[in-house]
Amino acid sequence: MPLPIGRFSLTNVARLYQLPRLLQVQHNLRAAMSSSPGYLINEPKYAWLKDLGLEEVNKGVYSGGAWSGSGNRIDSICPANGRKIASVVEGTPEDYNKLIEAARAAWPAWAETTPPARGEIVRQIGDNLRKNLQLLGKLVSLEMGKILPEGVGEVQEVVDICDYGVGLSRTLSGQVLPSERPNHSLMEVWNPLGVIGVITAFNFPCAVFGWNFSLSAVCGNCTVWKGAPSTPLTTLAVTRVVAEVFERNGVPPGVLSAICAGADVGAAMAADERLPLVSFTGSCAVGREVAVTVAGRFGRILLELGGNNAILVNADADLDMVVQSAVFACAGTAGQRCTSTRRLVLHSSVHDQVVSRLGKALESLMAKAGDPVEQGVLYGPLHSPASVEKYESAVARAQAEGGQIVFGGKRISRLSSSGGYFVEPTLITGLKPDSPLVQEETFAPIVYALKCDSLDEAIRINNSVKQGLSSSLFTRDLSNLFRWIGPRGSDCGLVNVNIPTSGAEIGGAFGGEKHTGGGRESGSDAWKQYMRRSTCTINYGKDLPLAQGIKFE
Ligand code: NAD
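Residues numbered from 1 in each chain as written. Predicted model: local features only at pLDDT ≥ 70, side-chain atom pairs only at ≥ 80, totals over all residues. Heavy atoms only, no water.

Caption draft 1: Structural detail: the site of the ligand. Around the ligand there are 28 residues in total, and T200, K226, S283, L305 and E441 lie nearest to it. One of the side-chain N or O atoms of E289 is found 3.4 Å from a nitrogen atom in the ligand. Contact with the protein chains hides 87% of the accessible area of the ligand, taken as 860 Å² for the molecule alone. Among the secondary structure elements, those contributing two or more residues to the shell around the ligand are α8 (263-271), β11 (277-281) and α9 (284-296). Counting contributing residues per domain, the shell around the ligand is built from domain 1 (42-305 + 525-532) and domain 2 (309-508), each supplying no fewer than three. (Near = heavy atom within 4 Å. Polar contact = N/O pair within 3.5 Å; in protein donor to acceptor, adjacent residues only side chain to side chain. Areas by Shrake-Rupley, 256 points an atom, 1.4 Å probe, with all protein chains shown as cover. Helix = DSSP H or I, 4+ residues; strand = E, 2+ residues; numbered from the N terminus. Domains from an automatic or database assignment.)

Caption draft 2: Main features of the confidence of the model for the chain. For the chain, the mean per-residue pLDDT works out to 94, and 93% of the residues sit at or above 70. Below pLDDT 50 for its whole length, residues 1-35 participates in 10 contacts with residues either more than four positions away or in separate chains. (pLDDT = per-residue confidence, 0-100. Contact = heavy atoms within 4.5 Å.)

Caption draft 3: Spatial organisation of the environment of V61. Residue placement: V61 occurs in strand β2 (residues 61-63). Exposure remark for V61: the relative accessible area of 1% places this residue in the buried category. The contact partners of V61, leaving out residues within four places of it in the chain, are A66, W67, S68, G69, G91, D95, L99, A258 and I259. (Buried < 20%, exposed > 50% of the residue type's maximum accessible area, 1.4 Å probe, protein only.)

Caption draft 4: Representation of the nonpolar core. Formed by 157 residues in total, the largest nonpolar core has its most connected members in L49, Y96, I125, F246, Y379 and Y448. Sort the elements by how many residues they give to this core and helix α7 (residues 232-249) lands first, with nine residues. Split by domain, this core shows at least three residues from each of two domains, domain 1 (42-305 + 525-532) and domain 2 (309-508). Not counting residues up to four positions away in its chain, the partners in contact with F246 are Y62, I121, I125, F213, V251, P252, P253, V255 and L256. (Core = buried A, V, L, I, M, F, W, Y, C linked by side-chain atoms within 4.5 Å.)

Caption draft 5: Spatial organisation of the sheet that holds strand β16 (residues 426-429). Here seven strands make up an open sheet; going across it, the order is β15-β16-β17-β14-β13-β19-β20 and the pairing mixed. A strand with exactly one partner marks an edge of an open sheet, and here the two such strands are β15 (404-407) and β20 (494-497). Pairs of neighbouring strands in the sheet enclose a mean axial angle of 25 degrees, with direction left out of account. Of the strand pairs in this sheet, strand β13 (residues 309-313) and strand β14 (residues 341-347) are connected by five bridges, and their pairing is parallel. Across the sheet, residue A310 finds its bridge partner in β14, namely R343. Together, β13, β14, β17 (446-452) and β19 (470-474) form the strand contacts of helix α10 (residues 319-331), whose direction differs from that of β13 by roughly 170 degrees. Here helix α12 (residues 385-400) sits on the sheet in contact with β15, β16 and β17, set at roughly 30 degrees to β17. (Pairing = 2+ DSSP bridges. Axes fitted to C-alpha atoms, helices over the stretch in contact; angles between N-to-C directions.)

Encoded structure:
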């Protein structure tokens, strides 16, 4: 029988001894109830996600330096296994309205900051990204599904464009032009636009943001970024890296605002008169809607839409280079780059050889298919079940139209059984260049091999599609080369020779013609789209001569 209260008994000692343990058990229970084991972020293997500031539930709006979100809670899904990584509380159109006002409030101070001082902030952002390069790259790989080297490469692209922005901040230049009037000066002055909107696609969840943000920021704009709804964790982690630099330097936090949201907020941005420029990256169908809305309010639009890219192989091409390039361009990123090769236009003298070698190369790539975050994997999953459906539907249509599958056409059962969205890279022959299927962009690893008999015919096939993004010619003949890049050559924005259609560098202007939207981002003079140009005529004399010699007296 226990001793009376206040005196030690064995039972009381045992209770005292167990109390901390009981408290610990209670704590663990509470923790288990508040964090669902179903989320990858709660598993030791994925604990690194927390080093990026991510939690099981994340607020999806960054505005005026604070995190919020009052919309739906959505899960970010890992394409390699179909499991939930973590969740995000999205922003609503009302959240967006508040965010725009915060961005507008930040603009005057940012616009008055000198361009080199803005460049210094962008330099620090690049450095902060460098510090987080591997982790951010791993997150891109985990959430989008591209292989780790490509995930890291994508973040490196943002670092590179930050470096580019730093240089640009010292070289943004207008022209001084000769005036026809005595004692007059004619010059161009470039000023920022204000607050600009950036809407991005799932397949490049941070690079496209970087292309826009770096230029927009050094040009003196505030940027509002809506990432793709299926890659919200990348949006948040990258925004956090930028926000740290703002806080350290006392930059008005509204210089960047980010909102995780879907089409409702995207549509609100397109219609918003407070955004003088909307930069949109995504499908042609959505891009068309956005373009019409923005044009309807006389806003500026920068469109980076779908592609239907071709590699042309001339009879004199180096076929080793062709096959190596085609594997990367067709199967890399599981065919989910806007610049992925979708058509191979092969001279009839090399058609069979290229088809046979490429089919074998794709087959051997299957040994390197797997979880894209793992080292050594070269081929990952599609991004979503919807992408798998589109892939399967295109394969079925190709077969119904008489196409022959040289390799691929199915899910990869060894990998799909664990819940991932894996499909084989697919090479199809026997379809006509003008088949409706070949003329479309199927955002999946499917390439159609098409036969031709001359370079003229190959160029005609290249240019026969609605899109005009990327194109490559393989030849060793200089005269072919200049024909290809000349006025009657490729009608695309990216015109390559002896390299794949994908894998552009940041120094050039990136974008395409026709249904690809006509926009140019990243290098060259793309910065001009983020500024308004004033032509200034200054009279420093005492007379008032009119242009064209007109007399009004
Ligand atoms: P998508 O068009 O479905 O979505 C793109 C973005 O638009 C997302 O942020 C989405 O939420 C938003 N959106 C959807 N409906 C909207 C609406 N009504 N108004 C405003 N915004 C809306 O494209 P996706 O599936 O994410 O991306 C794949 C497509 O993007 C492919 O066609 C690919 O070629 C293209 N892409 C082009 C480039 C390029 O630089 N040319 C780069 C990457 C991707």
